[in-house]
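The lines below spell out each chain.
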Amino acid sequence: MGTWRTCGALLLFVALVAALPTAAAHAEVASSEPAAGAHLDASPSFVSFSMTQTVDPSATSLSVTNSAGDDVTAGATEVRDAGGRSVVRIALQPDLPGGIYTMVVRTISPDSHPVSYSRSFAIGAFTAPSETGGGSALDLEAGTARFLSYLGLSLVLGAAAFSLFVLPGRAPASKPLLVRLIAAGAAAHLAGTLLQLHYTSGASGLGYGELFHTDVGQNLFLRAAVAAAAVVVALGGAAGKTAAGPTLASLLLAVNLLLIALGSHATKAGPVTVAMDALHIAAAALWAGGLLVFLAIVARGLDRSDVATLRRVGARYGTFAFVSVIVLAATGIILTLALVERDILLAGKLVESPYGMLLAGKVSLWWAMIALAAINRYVLLAEAEDGALSRGLQRVAARLSGNRIKPLAGTTKPFARTLGVEAILGVVVLVFAGFLTSISPPAVATSTNALTFFSEGDSHAVQLVVDPTPQAESTSTLRFTILDSDNAAVVSNSCGRDSCVTLEITAPGNATPERRVAVPREGAWVVENALWPVAGNWTLGLTVSTSTVFRDTVTFTVPIA
């Protein structure tokens, strides 16, 4: 029966992994108009960025400056929904003089990371750099903020777990220490949350008032308020003014654990992945926090001469930690498969990224902690005659250590040393987790060899991406993102015909156009293999028909080199 249950659990696990959607990385720039390094003969009327994800309009800004740093925009930033993506657009002052101009878009990704991208273009007899800048990089302040938040959460949950499940009879002698650890953990969590709030405000360029009106900002402000309340009630418990203080502080930080998951990388992949992330954070906090609490209790003299009592406590914690490790491993695999694009995993390119390196370091430390935990549980805290596994590990440990690592007899010092090393590794794992969650998983590189155009008809605004850059005697893929007068994306047939979107491609000097039908795909309309036999300015006339608009034509002029 046990075999069938194991097989059933494995099948359920595989099915769950297969059903999970894959989350994209943070919001990135798919294309811009003008393109990076573009050379224009005349001043454009607007600039735009097409993002790979939808972004919060209240957290998004687009600026354009000349070489002297002067702003040359006219009006406010517009953010339009384009079927799972966003187009960020702003008008420019008319008749800009020749020079080099830099456009910068700043936003906060749905996964809570502030990002900034810049592109430069030139007008007249100038040359703009073709290199682009921006994105989300490893940042000391961001990583430190998340580490402090995780460390405090781990201390609180670890102390609560010890009080409820590990210590025999709730160990009245250790209760004051647990109460103080909960108060210290709540304070560390609050400090990390406030530091993350400060970092997000600075990196996004939003004041605290502006940040409060964004989804990410509201999550952070709510977490800060909950953490502050936890500190107040925990300090009340430490001062002896309320017996329920530590319990209430633990419950409040459990709420923050859920809020962290709701503002993490997992958000983009759906509620199932958010739940997995919450379980992952909880398991890691309980394991690492339990280690720190256990070390503190041992350091304060938990029955140093009573090895039998230490064995009982160690056995209870070992069972508790084993369950946490199983949950941690299962949810970690699920999250990796859900958050990292399959092409990255299949190509073996995960470890080439900062995210992959941090993840590899975290997993390596995790295995080292498991090895130390096995020594503690099955060698130091075991009776000499305990089980075949214990006897085997005891023989190996004794041989490798010159008989220095063996079951405890009269002193707890060897156990305190190995527990201390394991706890230090646990803190380092939290450091890795802090920096790991402060950057985004790697994404498949998007093509930068593309041209972007934007044009408006009577009832529709259309963005065109030509990829790759068109040249004579070559072909390109045309991707049209179509927005109606309400800024809603036109993503499917609603006109009662084979296609609501048709394209006429007219070569220079030729009055007879080639007619093509656009196919809806991933929130846009696509025409594959558009052929450019000759160089020159080609005319593309896109006709859009919907249930409410009979015919709206949007025209583009595409230069072919």
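Residues numbered from 1 in each chain as written. Predicted model: local features only at pLDDT ≥ 70, side-chain atom pairs only at ≥ 80, totals over all residues. Heavy atoms only, no water.

This paragraph deals with the overall build of the protein. For the protein, the helix and strand inventory stands at twelve helices and 18 strands. Within the protein, buried positions represent 48% of all 561 residues. Expressed as a percentage of contacts within the protein between residues at least 6 apart in sequence, the contacts between residues at least 24 apart total 68%. Carbon and sulfur atoms make up 61% of the accessible area of the protein, which amounts to about 25,400 Å² in all. (Helix = DSSP H or I, 4+ residues; strand = E, 2+ residues; numbered from the N terminus. Buried < 20%, exposed > 50% of the residue type's maximum accessible area, 1.4 Å probe, protein only. Contact = heavy atoms within 4.5 Å. Areas by Shrake-Rupley, 256 points an atom, 1.4 Å probe, with all protein chains shown as cover.)

What follows concerns the confidence of the model for the protein. Residues of the protein with pLDDT of at least 70 account for 85%, and the chain-wide mean is 81. The element-level mean pLDDT for the protein is lowest in helix α1 (residues 2-19), coming to 41, with strand β4 (residues 61-65) highest at 93. Taken together, the stretch residues 1-24 has pLDDT below 50 and engages in 29 contacts with residues farther than four places along the chain or on a different chain. (pLDDT = per-residue confidence, 0-100.)

Its 29 residues place the ends of helix α7 (residues 271-299) 41 Å apart at the C-alpha level, agreeing with the 42 Å of an ideal helix rising 1.5 Å per residue. Most of α7 sits inside the fold, with 21 of its 29 residues counted as buried. (Expected span 1.5 Å × (residues − 1).)

It is possible for side chains bearing opposite charge to pair when their charged atoms get close. Scanning all chains against the criterion turns up four salt bridges. A salt bridge links Arg80 to Glu78; the shortest N-O distance between them is 3.7 Å. Here Arg80 falls in the buried class, since its relative accessible area comes to 12%. With relative accessibility at 33%, the residue Glu78 sits in the partly exposed group. Taking the shortest distance from any N to any O, the salt bridge between Glu514 and Arg516 comes out at 3.7 Å. (Salt bridge = Lys/Arg side-chain N within 4 Å of Asp/Glu carboxyl O.)

Strand pairing within a sheet occurs via backbone hydrogen bonds; the two strands may be parallel or antiparallel. The strand order across the open sheet built from four strands is β1-β3-β6-β5, with neighbouring strands paired in antiparallel fashion. The outermost strands of the open sheet, each flanked by one partner alone, are β1 (29-33) and β5 (78-81). Neighbouring strand axes in the sheet, compared pairwise and without regard to direction, differ in orientation by 20° on average. Here β5 runs beside strand β6 (residues 86-91); their pairing, made up of four bridges, is antiparallel. Counterpart to Asp81 in the pairing with β6 is Ser86. (Pairing = 2+ DSSP bridges. Axes fitted to C-alpha atoms, helices over the stretch in contact; angles between N-to-C directions.)

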